[in-house]
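Commentary on secondary and tertiary structure
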Amino acid sequence: MADPMAALLPLSDAWSRLFALAPPPAIERVSLIDAAGRWTADDVRALRTQPSADLSAMDGYAIRFADLPGPWRVIGESAAGRGFAGAVNPGEAVRIFTGAPLPPGTDTVMVQEEAARDGDVLRLDGEGPAMHGRNVRRRGLDFSESDWLVRSGERLTPARLALIGAAGHGSVAVHRKVRVAIVATGDELVAPGAPVGATQLPETNRLMLAAQLADLPVTLVDLGILPDRRDALEAAFRAVDADLLVTSGGASVGDHDLVRPALEAAGAVIDFWKIALRPGKPVMAGRLGGAVVLGLPGNPVSAFVTTLLFVRPLIAHLAGAADPLPRTRTATLAEPLGANGERTDYLRAELHDGRVTASTLQDSAMLRTLARATCLIVREPHAPAAHAGDSVEILDLA
Ligand SMILES: Nc1nc2c(c(=O)[nH]1)N[C@H]1C(S)=C(S)[C@@H](COP(=O)(O)OP(=O)(O)OC[C@H]3O[C@@H](n4cnc5c(N)ncnc54)[C@H](O)[C@@H]3O)O[C@H]1N2
Ligand code: MOO
């Protein structure tokens, strides 16, 4: 096999190597209210049937369809949570409300807008229900006891959480939240909002990274800004207590790019470094004790794209996602693109009315074009020149 340190690693190999670094999952049960945005660690079955009885879908009168066009005698009431106890005979009706059980003997609900009532006498005042069973939700319409409702590895979306609750569960098995330590490196960096000297710039990768992870089940441990000094980096890396350490900056080959040697001095084993990817070539990944380490490049756009392509998918993988990689879709090019080189390229782009245009300037330090971009155009290595009207793959930016 090719030495992954020497050649640029293809993106698909980087993903499989990265996921292989993950430790076995740690599973916990949490109440449904605390499970939003996590992934299930178990298949979930219905413990009950919903609806558990035939229910009215409207406010009106429960009748026998065969009795149409009436009239009827109203003999009682059925409300949600308080059904009608007796039996209903031919010529009789029961006042009924949305969500209430259908009294035995009735089969159809006539909406109150089509009924005229005088004391306990009820008459049809309109078209009436067109068919047997109209306005009735049958027992088991939504699901039946022991149906499989959510599969292991599926995301707990708001609707899935409600479904699991309706199925009779109060809690769900999930993977433990991922503890993510983040650190920025660079002598030139100052905290955002602090005075900025002529050779300095505000540190923005940590806040961007934190914002990019805001919807994921993580606990962030902020290790701040570290100087370009090997001893300081090494000491900080030795003290890391997390499932994932994400560094930014110092990943390239310059004399002040010390992240890799400092990680190794702290005991890390680097699995790969340098990917056939633009922006984001100098990404490194490995293990540091019990943690996975991802070293991101310092250029803000490179840090952004590699967070999208590696940090988020790795967290989703650690959190139990069956499908952790970002999804692309196709769009139509508004303007031509040149042929691509040897790296998979993620171009900042804007999508308008279904047509996508790459930004003119793709420098990986430029935050303004990144902030304007609504998607990234994905160009495979050695993709030929593309014309306006061609179909291209895009990755939407939230
Ligand atoms: N001779 C070579 N030079 C470079 C190569 C190469 O292959 N050979 N690769 C280039 C590529 S590609 C990238 S990407 C950059 C990234 O390298 P580093 O990870 O070492 O990034 P730094 O040098 O630390 O920083 C780059 C740039 O970004 C600014 N920066 C860094 N951290 C932050 C932060 N937290 N917030 C805001 N801005 C940040 C930093 O000041 C630099 O301007 O290397 C190329 N060089
Ligand atoms: O690949 Mo670097 O990430 O050009 O910016």
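Residues numbered from 1 in each chain as written. Chains lettered and ligands numbered in written order. Predicted model: local features only at pLDDT ≥ 70, side-chain atom pairs only at ≥ 80, totals over all residues.

**Brief notes about the site of ligand 2**
Our working rule: Nearness is defined per residue: the C-beta atom, placed using the backbone, must lie within 6 Å of the molecule or strand. In this count, Pro and Cys sit with the nonpolar residues alongside Ala, Val, Leu, Ile, Met, Phe, Trp and Tyr, while Asp, Glu, Lys and Arg are called charged and the others, Gly among them, polar.
Residues in close proximity to ligand 2 include Arg278, Pro279, Gly280, Lys281, Pro297, Asn299, Ser302 and Ser364, which together make up its full environment. A per-class count over the shell around ligand 2 returns two nonpolar, four polar and two charged.

**Observations concerning the UniProt feature "domain: MoaB/Mog" (unreviewed entry) in the protein chain**
Selection rule: UniProt positions are given in the numbering used here, feature names are shortened, and annotations may be inferred rather than shown by experiment. Going along the chain from the N terminus, every DSSP run of H or I of four or more residues is numbered as a helix, and every run of E of two or more is numbered as a strand.
The UniProt record marks residues 181-317 with the feature "domain: MoaB/Mog" (unreviewed entry), using the residue numbering of this structure. Across residues 181-317 one finds 31% helix and 30% strand; the C-alpha atoms that close the span lie 17 Å apart.

**Points about the domain arrangement of the protein chain**
Rule in force here: For the purposes of this description, domain bounds are those given by an automatic or database domain assignment.
For the protein chain, the assigned domains read domain 1 (11-26 + 177-318), domain 2 (28-50 + 142-175), domain 3 (55-137) and domain 4 (329-396). Each of domain 1 and domain 3 has a C-alpha centre, and the two are 65 Å apart.

**A word on the site of ligand 1**
Residues in contact with ligand 1 amount to 25 residues; listed here are only the nearest, Asn205, Gly249, Ala251, Ser252 and Gly298. Here the shell around ligand 1 is composed, by residue class, of 10 nonpolar, 11 polar and four charged.

**Section: the sheet that holds strand E16 (residues 218-226)**
Short version of the rule: Pairing between strands is defined by DSSP: at least two bridges between them are needed. Axis definition: a line fitted to C-alpha atoms, limited for helices to the stretch in contact. Angles are taken between N-to-C directions and run from 0 to 180 degrees. This entry defines residue contacts through backbone-placed C-beta atoms, with two residues in contact when those atoms are within 7 Å.
The sheet built from six strands is open, its strands ordered E16-E13-E17-E21-E20-E18 with mixed pairing. Since the sheet does not close on itself, it has two edges, and those belong to E16 and strand E18 (269-273), each with one partner. Across the sheet, the mean angle separating the axes of adjacent strands is 20 degrees when strand polarity is ignored. Relative to strand E17 (residues 244-248), strand E13 (residues 178-185) is paired through five bridges, and the arrangement is parallel. For Ala184, the partnering residue across the bridge sits in E17 and is Ser248. Where helix H3 (residues 205-212) meets the sheet, it contacts E13, E16 and E17, and its direction lies at approximately 160 degrees from that of E13. Of the strands in this sheet, E13, E16, E17 and strand E21 (291-296) touch helix H6 (residues 300-318), which is tilted by about 170 degrees from E21.

**Points about the nonpolar core**
Quick note on the threshold: The nonpolar core criterion groups buried Ala, Val, Leu, Ile, Met, Phe, Trp, Tyr and Cys residues into a set whenever they are joined through C-beta atoms within 7 Å. Buried means a residue has 20 or more other C-beta atoms within 10 Å of its own C-beta, exposed means 12 or fewer, and partly exposed covers the counts in between; C-beta atoms are placed from the backbone.
If you look at the biggest cluster of nonpolar residues, it comprises 76 residues, and the most contacted ones within it are Leu244, Leu294 and Ile315. Tallying contributions element by element places H6 first for this core, with 11 residues. Contacts of Ile315, omitting those with residues within four sequence positions, involve Val178, Val180, Leu213, Leu216, Val218 and Leu244. Val88, Ala93, Leu102 and Ala115 belong to the second largest nonpolar core, which has 17 residues in total.

**Here's the deal with the confidence of the model for the protein chain**
Low-pLDDT stretches of the model should not have their predicted coordinates read in fine detail. Selection rule: How sure the predictor is of each residue is captured by pLDDT, a score from 0 to 100.
Residues at a pLDDT of 70 or more form 98% of the protein chain, whose mean pLDDT is 96. Overall fold confidence (pTM) sits at 0.94, and the ipTM for the predicted complex is 0.98.

**Quick look at the sheet that holds strand E8 (residues 115-118)**
Across a sheet, paired strands are connected by hydrogen bonds in the backbone, their directions being either parallel or antiparallel. Strand order in the open sheet made by the six strands is E7-E4-E6-E5-E9-E8, with mixed pairing throughout. With partners counted over all chains shown, the strands left at the sheet margins are strand E7 (108-111) and E8, one partner each. Across the sheet, the mean angle separating the axes of adjacent strands is 40 degrees when strand polarity is ignored. Note: strand E4 (residues 60-63) against E7, four bridges, orientation antiparallel.

**A closer look at unusual backbone geometry**
Note the cis peptide between Gln50 and Pro51, where omega equals -10 degrees. Residue position: Pro51 is located in the loop between strand E2 (44-45) and strand E3 (55-56). In this model, Arg278 is joined to Pro279 through a cis peptide bond whose omega is -10 degrees. Not every positive phi belongs to a glycine, and Ser146 is a case in point at roughly 75 degrees. Structurally, Ser146 can be placed in the loop between strand E10 (136-137) and strand E11 (148-150). Since 11 C-beta atoms lie within 10 Å of it, Ser146 is described here as exposed.

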